[in-house]
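# Chain and residue survey
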Amino acid sequence: MLESKIIENFKSALKSENMKFTPQRLSILENVVNNKEHRECEEIYLSLVDSDLNVSRATVYRTMDILVAHNFARK
């Protein structure tokens, strides 16, 4: 589980981008934070789908753009 400070910062980042905080976006954040390897968005998407999470490619790409813009992740 992620620290509440990271989640609160993520919620603020989403709000500043006029995006909602959803379980899918939280799963993307957790997947990125808990895996230190460099991965492409497609690999993250497939990892989430393999975990039986209902998430779209578009959500992964849009969320990753927010994570990069707000320094949660690097390209």
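The present account deals with the structure reproduced in this document.

The rules behind the values
Residues numbered from 1 in each chain as written. Predicted model: local features only at pLDDT ≥ 70, side-chain atom pairs only at ≥ 80, totals over all residues. Heavy atoms only, no water. Helix = DSSP H or I, 4+ residues; strand = E, 2+ residues; numbered from the N terminus. Contact = heavy atoms within 4.5 Å. Buried < 20%, exposed > 50% of the residue type's maximum accessible area, 1.4 Å probe, protein only.

## Some remarks on the side chain of serine 27
Its place among the elements puts serine 27 in helix H2 (residues 23-33). Residues within four places of serine 27 in sequence aside, it is in contact with Leu48 and Leu53.

## Considerations on H2
In terms of burial, H2 is a largely internal element, eight of the 11 residues being buried. Residues of H2 that are buried include every one of Arg25, Leu26, Ser27, Ile28, Leu29, Asn31, Val32 and Val33, and no others. Tucked into the core, H2 has its buried residues touching helix H1 (4-16), helix H3 (41-50) and helix H4 (57-69).

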